[in-house]
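Geometric and topological summary
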Amino acid sequence: MGRSRSHIAFLMMMENEFGKETKIEVWRSLSLILNSGTGEFVHFLIFVLSTSSNFTVIREKFQPIEEVFCKMKVFLRWVCLCLFTLSFGSNDAFSQARSFGQQPDYVLGLRRDRSASLTFADVDNDGDLDVIVANGRHWPQSNEVFINTGEPADPEHIAPGGGYGRFTLGYSLGDEWTTSYAVPAGDIDGDGDLDVLVGNDRSPNMIYRNDSTGRFEFAGNLGKVADLTRDIRLADLDGNGSLDVVVANRRAENIAYLNDGQGHFTVGAVFGKGNDSTIKLAVGDLDEDGDLDLVLANRDGQSNMVCFNDAKAGFDETRLFGPGDDETLAVAVSDMDSDGHLDIIAVNSGSANAVYFGSGNGEFERSVTFGRPDGQTFSVAVADFDLDGDQDIAVGNVAMQNGVFFNQGGGRDFQETRFGTAEEITYWLATGDVDGDGFPDIGVANSDGLNGIYVNRVSGRR
């Protein structure tokens with residue numbers, strides 16, 4: 001008999017969190033038997049009100065028992081979520097309809113902030129996700145860091161199985177006020193903590209190094225003063241094991257900067273046509289040759305483009321995709337139809353959004369549209385929001401509610417769930433599990449409005 005979706009999601013969690021020999025039997029109690037690696041077993045018995053399922057996972061032996069207990073905190077949060085659902089008589093915890101609600105503890109910044117993007121990153125290395133917000137756009141403001149304190153959230157506002165995380169501590173990323181659009185985070189100098197790149201409009205881009213506590217020091221500029229930077233991505237373009245910097249500039253050359261492994265950058269390839277109105281980027285191996293290619297979202301009536309890596313961080317080979325007249329404002333890459341090849345998700349202003357299906361050789365001949373034909377979509381993020389094994393799509397809109405399009409299988413049919421208000425001007429979405437319940441939540445960066453995090457939970461629950 002095949003496993004239900006809830007079983008698959010739970011087994012995936014067990015394999016991801018432990019990857020060892022584990023036996024779980026679900027009757028009217030749940031038994032967790034952990035092998036310490038020496039032949040000794042630790043038995044956990046947790047009572048369940050009702051269920052009709054059982055399953056077994058067998059993997060290789062555990063590491064020493066001390067390492068097992070280090071992972072028990074995350075695992076037991078998952079167990080609590082599963083038991084909550086089982087106790088209320090559901091046979092499929094992970095296929096229930098999901099909704100997204102904002103919590104008081106998850107408001108980030110002030111209404112006057114002109115925020116263009118945000119990034120989830122564990123900047124203080126304490127095991128939970130913090131938030132970095134890019135503010136200003138065309139008008140200088142302070143970029144901000146909001147620290148997840150890891151404290152239990154207000155029980156009246158938490159999702160079942162979650163409830164960890166508050167954002168009641170924040171500070172400026174640096175002393176400078178800037179016209180910022182992007183704040184990606186990554187370990188650019190190889191010291192084990194996450195640093196931040198800041199992409200600015202008509203001002204040099206900036207590098208901030210983490211002091212290992214989540215505080216940042218300005219470490220220099222990157223790029224030209226006059227660049228209209230709209231997006232920055234961190235990716236290993238030349239295969240040397242260090243993160244390079246990919247910069248999208250509107251109406252100017254897009255540029256890759258190569259990292260020497262210690263956080264020092266030299267100018268690499270120029271990519272695109274030289275005068276593209278590139279507004280967003282995505283990175284992925286679209287032709288499956290082992291290196292990372294670039295996807296460009298171009299607006300102002302310009303065609304979207306894929307720039308193929310020649311294995312040396314050169315991007316001379318290009319291919320256009322889409323109708324050519326879309327006002328595309330963001331792109332993402334993911335395998336939407338589960339065929340093993342990366343697809344491109346492009347979201348547009350003034351027309352429907354689209355998925356362009358990849359074939360593994362860099363061609364995107366098949367496509368499907370989703371969303372409203374008169375949509376005003378500015379941002380996109382992809383995650384498995386309902387943990388059913390396929391990728392869903394979240395979109396950030398202007399003057400209409402944001403939405404999550406749940407993949408109904410095959411990447412061609414979607415069911416929309418809306419969240420937020422029609423008054424929001426959402427420039428950016430990011431996804432991450434901020435409350436520890438195993439489900440991806442959604443962070444939104446709004447211009448002239450409150451930024452916040454929408455918690456992923458079962459529909460109908462606060």
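A quick note: this is a predicted structure, and the numbers were derived from the prediction, not measured.

Turning our eyes to something else, we now look at the side chain of N309. Tracing the backbone through its elements, the reader meets N309 in the loop between β20 (304–308) and β21 (317–321). Owing to a relative accessible area of 3%, N309 belongs among the buried residues under this scheme. Here the side chain of N309 touches A313 through a polar contact of 3.1 Å, landing on its backbone nitrogen. Residues within four places of N309 in sequence aside, it is in contact with L237, D289, D291, L292, D293, G314 and F315.

This part is about the confidence of the model for the protein. This prediction gives the protein a mean pLDDT of 82; 76% of its residues lie at or above 70. Confidence drops under pLDDT 50 across residues 84–94; counting only partners more than four residues distant or on other chains, this segment forms 27 contacts.

Throughout the structure, instances matching the rule amount to 11 aromatic pairs. Chaining the aromatic ring pairs together yields one cluster made of F100, F385, F406, F419 and Y454. Above the ring of F439, the side-chain terminus of R98 is found at 3.7 Å from the ring centroid. We note R114 situated over the ring of W139; from NZ or CZ to the ring centre the distance is 4.6 Å.

Now for the environment of D339. Along the polypeptide, D339 turns up in the loop between β22 (328–334) and β23 (343–348). It is 9.6 Å that separates the C-alpha atoms of D339 and F357, two residues lying 18 residues apart in sequence. What D339 contacts, discounting residues up to four positions off in sequence, is G358 and R366. Within the local environment of D339, its side chain forms a polar contact with the backbone nitrogen of H341, the two atoms lying 3.0 Å apart.

Turning to the sheet that holds strand β26 (residues 377–383), a few remarks are in order. The antiparallel open sheet is built from 4 strands, whose spatial order is β26-β27-β28-β29. The strands lining the two open edges of the sheet, one partner per strand, are β26 and β29 (414–419). Each neighbouring strand pair of the sheet contributes to a mean axis angle of 20 degrees, computed without reference to strand direction. For β26 and strand β27 (residues 392–397), the ladder comprises 6 bridges, and the chain directions are antiparallel. Bridge assignment links S379 to a residue of β27, and that residue is G396.

Let's shift gears to the sheet that holds strand β4 (residues 98–108). Hydrogen bonding along the main chain pairs the strands of a sheet, whether they run parallel or antiparallel. Here we have 4 strands laid out as an open sheet, ordered β4-β32-β31-β30, and antiparallel in their pairing. Both outer strands of the open sheet, β4 and β30 (426–432), are each paired with one neighbouring strand and no more. When strand polarity is set aside, the average angle formed by the axes of neighbouring strands in this sheet is 30 degrees. Sheet analysis places β30 next to strand β31 (residues 441–446), joined by 6 bridges and oriented antiparallel. Opposite T426, over in β31, you have N446 as the bridge partner.

About the cut-offs
- Residues numbered from 1 in each chain as written.
- Predicted model: local features only at pLDDT ≥ 70, side-chain atom pairs only at ≥ 80, totals over all residues.
- Heavy atoms only, no water.
- Helix = DSSP H or I, 4+ residues; strand = E, 2+ residues; numbered from the N terminus.
- Buried < 20%, exposed > 50% of the residue type's maximum accessible area, 1.4 Å probe, protein only.
- Polar contact = N/O pair within 3.5 Å; in protein donor to acceptor, adjacent residues only side chain to side chain.
- Contact = heavy atoms within 4.5 Å.
- pLDDT = per-residue confidence, 0-100.
- Phe/Tyr/Trp six-rings, centres within 6.5 Å; stacked < 30°, edge-to-face > 60°.
- Lys NZ or Arg CZ within 6 Å of the ring centre and 35° of its normal.
- Pairing = 2+ DSSP bridges.
- Axes fitted to C-alpha atoms, helices over the stretch in contact; angles between N-to-C directions.

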